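# Topology and contacts: notes
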Amino acid sequence: MKIAANFEQRIVVHSVSLPWVESPMPGVDRRALDRVGDEVARATTIVRYAPNSAFSEHVHTGGEEFVVLEGVFQDEHGDFPADSYVRNPPQSKHKPRSDKGCIIFVKLWQFQPDDRTHVRLQTSLMESHQHPSIVGLNVTALYKDEYEEVSLLHFEPNVEFTFNGKGGAELLVLEGALTEHSDTLVKHSWLRSPVNSIIKGKAGKDGAKVWMKTGHLTDVQNQITRVNHQRNQHN
């Protein structure tokens, strides 16, 4: 399966306009933003857990990264309410569920294979800092290594911005709205900007809170190769 699989293209998806598609587990539905592969896939997805739904225990061979958008996500490591940011590295395992239901933004098979760093953050309790060059933008740092950087961006109303997407970038609007080039991104709209792009836009009249990840798209082909290798091992 291939969805938005040309990583040289700029992609905008308004996720709320997509239909929910059933997953193999009852009560768990998905909206695919990009995907290369079938059930073993390099994928970026919005996932909805109905109340009292669960996945069976599984290993994340290629790692899992997610943001809780609504409700409370749960596993044996704890309860993760809205605004939680979690990185479960390659070879980690868990048994996810949600007693009251939740919606998460999740990325699979997008880690370096030797990454073993667990991250579990409640971002609403974290400090943010003024961006060094953009007035009216505060930044909450979530994760950084030599390959990628992940942040929350807190825009005041009508703030204009320009970012260098040398290593590619993804943005998910969590609150408010912004324009980027000719597109208006509203709550849960997603942008993927390719390597060596420029991200340029303006926050809406009520400002915006945005999850942003940069640098990681230089490794897409290696990520897909690892997915294919894993799938072939199971065939």
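Let us look at the structure shown here.

To continue, consider the pattern of salt bridges. Overall, the coordinates contain 16 salt bridges when judged by the stated rule. A salt bridge links Arg87 to Glu65; the shortest N-O distance between them is 3.3 Å. In this pair, Arg87 is assigned in strand E10 (residues 84-88) and Glu65 in strand E8 (residues 64-75), connecting sequence segments 22 residues apart. On the basis of relative accessible area, Arg87 is assigned to the buried category, the value being 1%. Here Glu65 falls in the buried class, since its relative accessible area comes to 2%. One salt bridge in this structure joins Lys213 and Glu65, with 2.9 Å as the shortest N-O distance. Taken together, the positions of Lys213 in strand E22 (residues 197-214) and Glu65 in strand E8 put the pair 148 residues apart, joining distant regions of the chain.

Looking now at the nonpolar core. Ranked by internal contacts, the top residues of the largest apolar core, which has 19 residues, are Leu153, Phe155, Phe163 and Val210. For this core, the secondary-structure elements that each account for two or more residues are strand E16 (137-144), strand E17 (149-155), strand E18 (160-165), strand E19 (169-180) and E22. Counting residues per element, this core draws most heavily on E22, at five residues. Filtering out sequence-adjacent residues up to four positions away, Phe155 remains in contact with Gly136, Leu137, Phe161, Phe163, Ala203, Gly207, Ala208 and Val210. Residues Leu69, Phe105, Val150 and Leu152 belong to the second largest nonpolar core, which totals 18 residues.

This part is about the layout of surface pockets. By volume, the largest pocket amounts to about 630 Å³. Lining of the largest pocket is provided by 30 residues; of these, Glu39, Phe55, His58, His60 and Leu108 occupy positions nearest its centre. Of all the secondary structure elements, the ones that give two or more residues to the lining of the largest pocket are strand E4 (28-37), strand E5 (41-49), strand E7 (58-60), E8, strand E13 (102-108) and helix H1 (220-234). As a volume, the second largest pocket reaches approximately 320 Å³. As for the second largest pocket, its lining consists of 18 residues, of which Glu149, Phe163, Asn164, Met212 and Thr214 are closest to the centre. Those elements that provide at least two residues to the lining of the second largest pocket are E17, E18 and E22.

All right, on to the environment of Ala32 then. Summarising the element assignment, Ala32 is placed in strand E4. Beyond its immediate sequence surroundings of up to four residues, Ala32 is in contact with Ile3, Leu18, Thr44 and Thr45.

A separate point is the packing of aromatic side chains. Applying the stated rule across the entire model yields seven aromatic pairs. Ring centres of Tyr49 and Phe55 lie 6.3 Å apart, and the angle between their planes is 65°; this geometry places the pair in the edge-to-face category. Considered together, Tyr49 and Phe55 belong to a single accessibility category, that of buried residues. Members of the aromatic cluster, each reached through a chain of ring pairs, are Tyr49, Phe55, Phe66, Phe73 and Phe80. Its guanidinium or amino end placed over the ring of Tyr143, Arg87 lies 3.7 Å from that ring's centre, counting from NZ or CZ.

Attention now moves to unusual backbone geometry. A positive phi is found at Asp83, a non-glycine position, where the angle reads about 80°. When you line up the elements, Asp83 lands in the loop between strand E9 (78-81) and E10. Despite not being glycine, Asn158 shows a phi value in the positive range, around 65°. By the secondary structure assignment, Asn158 is in the loop between E17 and E18.

A few words now on the side chain of Ser92. Within the fold, Ser92 resides in strand E11 (residues 92-94). Taking relative accessible area as the criterion, Ser92 reaches 9% and is therefore assigned buried. Here Pro89 takes part through its backbone oxygen, which lies 2.6 Å from a polar atom of the side chain of Ser92. Setting aside residues no more than four positions away along its own chain, Ser92 makes contact with His58, Val59, His60 and His118.

Definitions and limits used
Residues numbered from 1 in each chain as written. Predicted model: local features only at pLDDT ≥ 70, side-chain atom pairs only at ≥ 80, totals over all residues. Heavy atoms only, no water. Salt bridge = Lys/Arg side-chain N within 4 Å of Asp/Glu carboxyl O. Helix = DSSP H or I, 4+ residues; strand = E, 2+ residues; numbered from the N terminus. Buried < 20%, exposed > 50% of the residue type's maximum accessible area, 1.4 Å probe, protein only. Core = buried A, V, L, I, M, F, W, Y, C linked by side-chain atoms within 4.5 Å. Contact = heavy atoms within 4.5 Å. 1 Å grid on protein atoms, 1.4 Å probe; cavity = no way out; pocket = protein on both sides within 12 Å on 5 of 7 lines; lining within 4 Å. Points joined across faces, edges and corners; volume = space filled by probe spheres on them. Phe/Tyr/Trp six-rings, centres within 6.5 Å; stacked < 30°, edge-to-face > 60°. Lys NZ or Arg CZ within 6 Å of the ring centre and 35° of its normal. Polar contact = N/O pair within 3.5 Å; in protein donor to acceptor, adjacent residues only side chain to side chain.

So, to be careful, I would describe these as geometric facts and stop short of saying anything about function.
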